[in-house]
Amino acid sequence: MVDWLPPEQQMGVRFSLVPFFKMKSIDIHSHLDSCPDIPEIVRECREKDIVIVTCGTDIESNRETLELKHEYPEIEICLGIYPLECLEMSDEDIEKEIKFIRENEDKILGIGEVGLDLHTVNDLKSLEKQKKVLGKFVELAKELEKPIFIHSRDAEKETIEFLEGFDYKKIVMHCFSGGMNLVRQIVQNGWSLSIPSSVKYNEHFQKVVEITPIENLFCETDAPFLHPDKIQGMKNTSVSVLESYKKIAEIKNLDLKKVENEIWDNFEIIK
Ligand SMILES: [Zn+2]
């Protein structure tokens with residue numbers, strides 16, 4: 001029950017955009033280029049009707065990601081520069097990469113993975129550079145009218161405050177670890193949160209699901225990272241996204257098909 005939103009936002013009745021004969025799950029955030037045995041993952045996702053969205057993180061990974069789109073046209077791709085990667089790049093190289101992404105506009109679903117990270121580096125100079133780069137990517141997403149997928153590790157509040165300066169709604173906070181007050185702020189801003197498959201055991205994400213309307217949710221794996229069964233050394237894959245769907249259905253006491261349907265609608269709206 002979402003009782004903290006104003007009544008007009010609680011009225012969320014909408015007609016499904018999904019044809020009833022087509023039902024698909026979507027892993028809105030992964031790194032297929034870093035996964036072992038890519039053909040097998042793609043095959044399994046095809047069999048289980050799971051759409052893979054994979055994100056680039058640097059110059060090399062963006063090109064590999066484009067290659068994957070060429071090889072497997074059914075996947076969706078995003079291109080971006082991971083916040084820690086941008087610290088290693090000159091302003092000129094960043095501009096070149098943004099130009100490259102713009103040139104591939106017709107092949108991408110959105111921008112990502114981009115954002116702010118204060119987990120590994122925590123100094124003002126790095127934060128300023130990360131913000132400058134993130135700002136450029138938000139402007140690019142706005143220009144292309146595409147969604148942007150945001151990383152915000154240990155910089156949750158800073159990231160939200162920064163993004164609020166852009167007046168843009170197609171924002172998806174990936175694997176968001178901030179407090180519930182910040183989760184509410186994200187929803188009030190009309191943005192979305194993507195729930196990793198680790199929600200199977202992770203109480204923080206279970207709480208996020210509880211307080212977030214389904215209209216603001218997506219499911220993700222961040223594969224090959226964050227395996228839902230915490231098995232040491234075991235690589236995660238997009239197939240695990242079904243764990244997020246199942247847990248959301250359980251927490252919200254909804255039919256699994258209803259959850260798939262709603263989240264597919266969210267995808268149709270944001271893409
Ligand atoms: Zn990621």
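Our structure's up above, just so we're on the same page.
Keep in mind that what you see is a predicted model, and the values were worked out from it rather than measured.

This next bit is on the pairing of strand E7 (residues 192-196). Counting buried residues in E7 gives five out of five residues, a clear majority hidden from the surface. What you see with E7 is no split at all: Ser192, Ser194 and Pro196 on one side and Leu193 and Ile195 on the other are buried throughout. Looking at chain direction, strand E6 (residues 171-174) and E7 are connected through three bridges and run parallel. Within E7, the residue paired with His174 across the bridge is Ser194. Remark: the E6/helix H8 (residues 180-188)/E7 crossover connection has right-handed handedness. Note that E7 and strand E8 (residues 217-220) share four bridges and pair parallel. Bridging across to E8, Pro196 finds its partner in Glu220. At this point the chain moves from E7, through helix H9 (residues 203-211), to the parallel E8, and the crossover so formed is right-handed.

This paragraph deals with the coordination of the zinc ion. Taken together, His29 (NE2), His31 (NE2), Glu113 (OE) and Asp222 (OD) make up the full set of protein donors to the zinc ion, lying 2.1 to 2.3 Å away. For the zinc ion, the four donor atoms in the first shell make angles of 86 to 177 degrees at the metal, a pattern classed as irregular. In terms of primary sequence, the donors binding the zinc ion are separated according to H-x1-H-x81-E-x108-D. Here the residue His31 occupies a position in the loop between strand E1 (25-30) and helix H2 (38-47), and Asp222 occupies one in the loop between E8 and helix H10 (241-252), the gap between them amounting to 191 residues. Pair check on accessibility: His31 and Asp222 agree, each one buried.

Here we come to the pattern of salt bridges. Between side chains of opposite charge, a pair can form when the charged atoms approach closely. Counted under the stated rule, the structure contains 20 salt bridges. Close ionic contact of Lys99 with Glu103 constitutes a salt bridge, the shortest N to O distance being 3.1 Å. Taken together, the positions of Lys99 and Glu103, both in helix H5 (residues 91-103) and four residues apart, correspond to about one turn of that helix. Considered together, Lys99 and Glu103 belong to a single accessibility category, that of exposed residues. Between Arg153 and Asp117 there is a salt bridge, and its shortest N-O distance comes to 3.2 Å.

This paragraph deals with unusual backbone geometry. Note on backbone geometry: most residues besides glycine have negative phi, and most peptide bonds are trans. Here the bond from Gly112 into Glu113 is cis, since omega is 10 degrees, no more than 30 degrees from zero. Here Glu113 lies in strand E4 (residues 110-115). Between Ala223 and the following residue, Pro224, the backbone shows a cis peptide bond with an omega angle of 10 degrees. Mapping Pro224 onto the fold places it in the loop between E8 and H10. Backbone geometry places Cys175, a non-glycine residue, at a positive phi of 50 degrees. Note on placement: Cys175 falls in the loop between E6 and H8. We classify Cys175 as buried; its relative accessible area is 18%. Although it is not a glycine, Asn253 adopts a positive phi angle of roughly 55 degrees.

Rules used throughout
Residues numbered from 1 in each chain as written. Predicted model: local features only at pLDDT ≥ 70, side-chain atom pairs only at ≥ 80, totals over all residues. Heavy atoms only, no water. Buried < 20%, exposed > 50% of the residue type's maximum accessible area, 1.4 Å probe, protein only. Helix = DSSP H or I, 4+ residues; strand = E, 2+ residues; numbered from the N terminus. Pairing = 2+ DSSP bridges. Right-handed = clockwise from strand over helix to strand, strands pointing away. Donors = N, O, S within 2.8 Å, 3.2 Å for Na, K, Ca; no water. Tetrahedral: all angles 85-135°; square planar, octahedral: opposite > 155°, others 65-115°. Salt bridge = Lys/Arg side-chain N within 4 Å of Asp/Glu carboxyl O.

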